[in-house]
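Results of the structural survey
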Amino acid sequence: MKNLINWITSKDASAKTAVPASIGLLALRIGVGAMMAFGHGWGKLTAYGEMSAEFVDPFGFGASFTLGLVVFAEFFCTIALILGFFTRAAVIPLIINMTVAALLIHADDPFSTKEPALMYLTPFIAILFTGPGRYSLDRLLSRN
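This report concerns the structure included in the present document. Because the structure is predicted, anything quoted here is derived from the model rather than measured. (Residues numbered from 1 in each chain as written. Predicted model: local features only at pLDDT ≥ 70, side-chain atom pairs only at ≥ 80, totals over all residues. Heavy atoms only, no water.)

**What to know about the overall build of the chain**
As a reminder of what qualifies: Each helix is a run of DSSP H or I of at least 4 residues and each strand a run of E of at least 2, with the numbering of both proceeding from the N terminus. Only protein chains enter the accessibility calculation, which uses a 1.4 Å probe. A residue is then buried if its area is under 20% of the maximum for its type, exposed if over 50%, and partly exposed in between. Contact criterion: two residues are considered in contact whenever any of their non-hydrogen atoms come within 4.5 Å of each other. The accessible surface values rely on the Shrake-Rupley method and a 1.4 Å probe; as for residues, cover is taken only from the protein chains in view.
If you tally the helices and strands in the chain, you get seven helices and zero strands. In the chain, the succession of α and β elements from N to C terminus is α-α-α-α-α-α-α. A buried classification covers 38% of the 144 residues belonging to the chain. Restricting to contacts in the chain with at least 6 residues of sequence separation, those with at least 24 account for 68%. On the chain, roughly 8,000 Å² of surface is accessible, and the fraction owed to carbon and sulfur atoms is 69%.

**Remarks on the environment of H106**
By the secondary structure assignment, H106 is in the loop between α5 (87-105) and α6 (111-130). Here H106 falls in the partly exposed class, since its relative accessible area comes to 23%. Measuring from C-alpha to C-alpha, the distance between H106 and A117 comes to 9.3 Å, with eleven residues separating the pair along the chain. What H106 contacts, discounting residues up to four positions off in sequence, is A101, T113 and K114.

**Topic: the packing of aromatic side chains**
Convention followed: The rule is short: rings of Phe, Tyr and Trp, with Trp giving its six-membered ring, pair when the centres are within 6.5 Å, and they are stacked under 30 degrees, edge-to-face over 60, tilted in between.
Taken as a whole and judged by the stated rule, the model has seven aromatic pairs. Arranged with centres 6.0 Å apart and planes meeting at 85°, the rings of F38 and F75 form a pair that is edge-to-face. Taken together, the residues F38 in helix α2 (residues 19-46) and F75 in helix α4 (residues 63-83) connect sequence positions 37 residues apart. Overall, F38 belongs to the exposed group, its relative accessible area being 52%.

**Let's talk about the packing of α2 against α4**
What counts, and what does not: Between the N-to-C directions of two axes lies an angle of 0 to 180 degrees, each axis being a line fitted to C-alpha atoms and, for a helix, fitted only over the stretch in contact. Small angles under 35 degrees read as roughly parallel and large ones over 145 as roughly antiparallel, with 65 to 115 read as roughly perpendicular and the rest as oblique. The hand of a helix crossing depends on one turn: near helix anticlockwise from the far one by less than a right angle means left-handed, and clockwise means right-handed. Residues are sorted three ways: Asp, Glu, Lys and Arg are charged, Ala, Val, Leu, Ile, Met, Phe, Trp, Tyr, Cys and Pro are nonpolar, and all the rest, Gly among them, are polar.
At a closest axis distance of 8 Å, the pairing of α2 and α4 adopts a crossing angle of 150°. Considered as vectors, α2 and α4 are oriented roughly antiparallel to each other. Relative to α4, α2 is oriented so that their crossing is left-handed. Here the contact of α2 with α4 is built from residues that sort into 17 nonpolar, four polar and three charged.

**Thoughts on the pattern of salt bridges**
A side chain with one charge can pair with a side chain of the opposite charge if their charged atoms come near. To keep things clear, this is the line we draw: One speaks of a salt bridge when a side-chain nitrogen belonging to Lys or Arg is within 4 Å of a carboxyl oxygen belonging to Asp or Glu.
Under the defined criterion, the tally for this structure stands at one salt bridge. The residue K44 makes a salt bridge to E74 at a minimum N-O spacing of 2.9 Å. On the criterion of sequence distance, the pair formed by K44 in helix α2 and E74 in helix α4 is long-range, its members being 30 residues apart. For the pair formed by K44 and E74, the shared burial category is buried.

**Section: α5**
A turn of α-helix holds 3.6 residues, and therefore any two residues three or four places apart point the same way. Threshold: Each helix should span, by expectation, one fewer than its residue count multiplied by 1.5 Å.
End to end, α5 covers 26 Å across 19 residues, agreeing with the expected 27 Å (1.5 Å per residue, within 8%). Here α5 has its buried residues at T87, R88, A90, V91, L94, I95, N97, M98, V100, A101 and A102.

Shown next, in the form of structure tokens:
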């Protein structure tokens, strides 16, 4: 378990990433992060009061609490992702959020309805394994 936690919070892997790959990871982090944060998270954050009473609650935590978790993932974790700050830890709530959206919330919907969640899920999983790359706060803060 300790090794898993160390890997998730690891900053060392980004030091070994080649420059072209790091530029690609930066573009991916900014692109997917900005689309998620401002296309999904910001709207939920600013309409929290109106949405909190009737938000979908697949696990029985309560609509308001569930919406809070979604806002945390879709807005705050994506801001961390864009900055490359605790990147691997930041994508875990996003992976959970998109998996729940695709496989539980839209379980009975056609594939075209599930597709956006799956399309966000894919780069989040890739970033979990690759890390943020050189151009990130993780890399900047890990310098000795």
